Amino acid sequence: MSTEVQETPLTTLPEWQALEAHATAMRARQLRDLFGADPTRGERLAVEAAGLYFDYSKQRVDDETLRLLLLLAQVRGVAERRDAMFRGEHINSTEDRAVLHVALRMPKGSTLVVDGTDVVAEVHEVLDRMTAFADQVRSGEWKGHGGKPIRNVVSIGIGGSDLGPVMAYEALKAFSRRDMVFRFVSNVDGTDFVEATRDLDAHETLFIICSKTFTTLETLTNAHAARRWCLEQLGQDAEKSGAIARHFAAVSTNEKGVREFGIDPERMFGFWDWVGGRYSMDSAIGLSTMLAIGPENFRAMLDGFHAMDEHFRSTPFERSLPALMGLIAIWNNNFLGASTVAVLPYAEYMKRFPAYLQQLTMESNGKHVTLAGAHVDFETGPIYWGEPGTNGQHSFYQLIHQGTRLVPCDFIGFNRTRNPLGDQHDLLMANLFAQTEALAFGKTLQQVLAEGTSEALAPHRVCEGNRPTTTILADVLDPRTLGTLVALYEHSVFVQGAIWQIDSYDQWGVELGKQLAKQTEKELASREEPTLAHDSSTNALIRRYRARREPRR
Ligand code: G6Q
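Predicted model only: the values in this text are computed from it and were never measured.

## Comments concerning the side chain of Thr-436
Move 1: Note that Thr-436 resides in helix 16 (residues 424-441).
Move 2: Within the local environment of Thr-436, its side chain forms a polar contact with the side chain of Lys-58, the two groups lying 3.3 Å apart.
Move 3: Those residues within four positions of Thr-436 in sequence are excluded, and the remaining contacts are Lys-58, Phe-411, Thr-469 and Thr-471.

Set out below in structure tokens:
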């Protein structure tokens, strides 16, 4: 293990205990009073970097909170661990791997030698191959079987090999080729594949099979379905004549698996074990993104990621967006008792961003033991969730305003829209600003009564306020901005994991379900009544399903 594992339990540290004592005092303090006491607070507690304006003044923090959080980061060696990550040390200790998504966006010409190899040179070699292929497909030079150009791109992958590409495609739709169709298939539910392909012509369709391991059940099942679908339309001899190769590309670290599936290694785009699935949207896993928005825009997105990486690497934590975001998440989660974070983008294009962040944050920091293997006695990763505003305002915001749970929120907005339509963008942003104000300051009983509300009704109309929010503003949603936003959250996850000293880069919990499903799959497939040795609930569910499903042919 390359980075030293600190054995001192987190909760026994004086810095942690000082935060606990401080939290007792802060729980009683109102944002109303914090703003009242400092007229400059709204500007003072805001930082700007890499094109993002980050206003954390409506968080329930004061200068002392920040001082103590920064101290905690110091004693937990967060900066040292960050540097170890950037150096390519194996900070993913349970898998003995480097964590180097930052290398995916280092500029051409820079070098980072890890385990004897310049990984940046390798990254750019793949990027150049992706660029050449994307140019061929986008220009129509790449022809499908029968000579037609590719009009449809179907990306097949799941989890980290799907959520990033889907989110990026949606977020950057305004930059995408509108004369091409982009679809994403992830679920092993056949509906996903059937619905994604039902109106497509195989002669004009390219499948990209995205799987780091090239062993994932869902992805390989859907990839085989794609091959059968192609053969049905292109003719059964398409495989022998090599025609099917015109319709498949792969993104993987497993060249052998890709060959065995029958995809030409020329059309395989590689990445490395130091890129975690949920950190891979800027690797070759983003091939569909590059095909949609073009190589130049893809590189602009990488530049955005890199700008945030550089900010995180070189800025003192008191002015670092990811450090502040991560430390505030720790504060809300561990000291104010908030168990979730709502992410509320005021941008329709960002509708898949909360789902993307769910994997990034929860697969990374949903851990119950420390790096040293000790069970934690504090809460780790909060639950991330959300929906775009203003839609959410008409559903779940009620609980955030007046419920009994504390739900810190990240509001994300853009100063300019790509789709000006009358004054609709002003209306959208007015709602964002109004929500953060209402959540922070609420409406007191006195204010409600002063409006003429009856005594009986007044308590129902009181909004207590003191609901913490961060507002992130960027000028415009473009590839570069998307890169900076994703990198911001990536590094915030890192900061939280480093404080807790957990492995944010493994995912052993996901493995158990996969193993159990393999056994159950056999039991469902068995012609004979299988002998079931699960618990009584699972046994009964399997029997009921076997008895009532479509008859086997
Ligand atoms: C991500 C996870 C997981 C993974 C999928 C797909 O960090 O490891 O979501 O991305 O299970 O794995 P493959 O890319 O290997 O098919």
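## Points about the nonpolar core
Proteins that are soluble and globular tend to have nonpolar side chains buried together.
Move 1: Ranked by internal contacts, the top residues of the largest apolar core, which has 127 residues, are Trp-274, Phe-353, Leu-482 and Tyr-489.
Move 2: Not counting residues up to four positions away in its chain, the partners in contact with Leu-482 are Met-167, Ala-168, Ala-171, Leu-172, Met-281, Met-301, Met-350 and Leu-477.
Move 3: Ranked by size, the runner-up nonpolar core spans 27 residues in total, among them Ala-202, Cys-230, Ile-244 and Phe-261.

## Re the sheet that holds strand 12 (residues 409-414)
Move 1: The mixed open sheet is built from six strands, whose spatial order is 1-2-13-12-10-11. Both outer strands of the open sheet, strand 1 (46-49) and strand 11 (383-385), are each paired with one neighbouring strand and no more. Across the sheet, the mean angle from the axis of one strand to that of its neighbour is 15 degrees, orientation sign disregarded.
Move 2: Bridge count between strand 10 (residues 340-345) and strand 12: four bridges; the pairing is parallel. Bridge assignment links Pro-345 to a residue of strand 12, and that residue is Ile-412.
Move 3: Sheet contacts for helix 19 (residues 479-500): strand 2 (52-55), strand 10, strand 11, strand 12 and strand 13 (469-474); angle to strand 12, the most-contacted strand, approximately 165 degrees.

## Looking at the packing of helix 1 (residues 14-27) against helix 4 (residues 63-75)
Two numbers describe a pair of packed helices, the interaxial angle and the distance between the axes.
Move 1: Two elements in contact, helix 1 and helix 4, have axes whose closest approach is 9 Å; the angle formed by their N-to-C orientations is 160 degrees. Taken together, the axes of helix 1 and helix 4 lie roughly antiparallel to each other. Regarding helix 1 and helix 4, the two cross each other, and that crossing is left-handed. Contact residues: helix 1 offers Glu-15, Trp-16, Ala-18, Leu-19, His-22 and Met-26, while helix 4 offers Glu-64, Thr-65, Leu-68, Leu-69, Leu-71, Leu-72 and Val-75.

## Observations regarding the environment of Gln-30
Move 1: Here Gln-30 lies in the loop between helix 1 and helix 2 (31-37).
Move 2: The spacing of Gln-30 and Phe-441 is 411 residues in sequence and 8.3 Å in space, taken between C-alpha atoms.
Move 3: The contact partners of Gln-30, leaving out residues within four places of it in the chain, are Glu-464 and Asn-466.

## Overview of the site of the ligand
Move 1: Close to the ligand lie 14 residues, the nearest being Ser-161, Ser-211, Thr-213, Thr-216 and Gln-359.
Move 2: Contact distances for the ligand include 2.7 Å between an oxygen atom and a backbone N or O atom of Lys-212.
Move 3: Thr-216 is positioned such that a nitrogen or oxygen atom in its side chain is 2.5 Å from an oxygen atom of the ligand.
Move 4: Considering the ligand on its own, with 410 Å² of exposed area, one finds that the protein chains cover 89% of that surface.
Move 5: Per-class residue counts for the shell around the ligand are one nonpolar, nine polar and four charged.

## As for the sheet that holds strand 5 (residues 152-156)
Whenever strands of a sheet pair, they do so through backbone hydrogen bonds, lying parallel or antiparallel.
Move 1: Strand order in the open sheet formed by five strands is 6-5-7-8-9, with parallel pairing between adjacent strands. This sheet does not close on itself; its edge strands, each paired only once, are strand 6 (181-185) and strand 9 (268-270). Neighbour-to-neighbour, the strand axes of this sheet turn through a mean angle of 15 degrees, independent of strand direction.
Move 2: The pairing of strand 7 (residues 205-210) with strand 8 (residues 248-252) spans four bridges and is parallel. Within the sheet, the bridge partner assigned to Phe-207 lies in strand 8 and is Phe-248.
Move 3: With respect to the sheet, helix 9 (residues 217-234) is in contact with strand 5, strand 6, strand 7 and strand 8, its orientation differing from that of strand 7 by roughly 160 degrees.

Procedures and definitions
- Residues numbered from 1 in each chain as written.
- Predicted model: local features only at pLDDT ≥ 70, side-chain atom pairs only at ≥ 80, totals over all residues.
- Heavy atoms only, no water.
- Helix = DSSP H or I, 4+ residues; strand = E, 2+ residues; numbered from the N terminus.
- Polar contact = N/O pair within 3.5 Å; in protein donor to acceptor, adjacent residues only side chain to side chain.
- Contact = heavy atoms within 4.5 Å.
- Core = buried A, V, L, I, M, F, W, Y, C linked by side-chain atoms within 4.5 Å.
- Buried < 20%, exposed > 50% of the residue type's maximum accessible area, 1.4 Å probe, protein only.
- Pairing = 2+ DSSP bridges.
- Axes fitted to C-alpha atoms, helices over the stretch in contact; angles between N-to-C directions.
- Parallel < 35°, antiparallel > 145°, perpendicular 65-115°, else oblique.
- Left-handed = near helix turned anticlockwise from the far one by under 90°.
- Near = heavy atom within 4 Å.
- Areas by Shrake-Rupley, 256 points an atom, 1.4 Å probe, with all protein chains shown as cover.
- Nonpolar A, V, L, I, M, F, W, Y, C, P; charged D, E, K, R; others polar.

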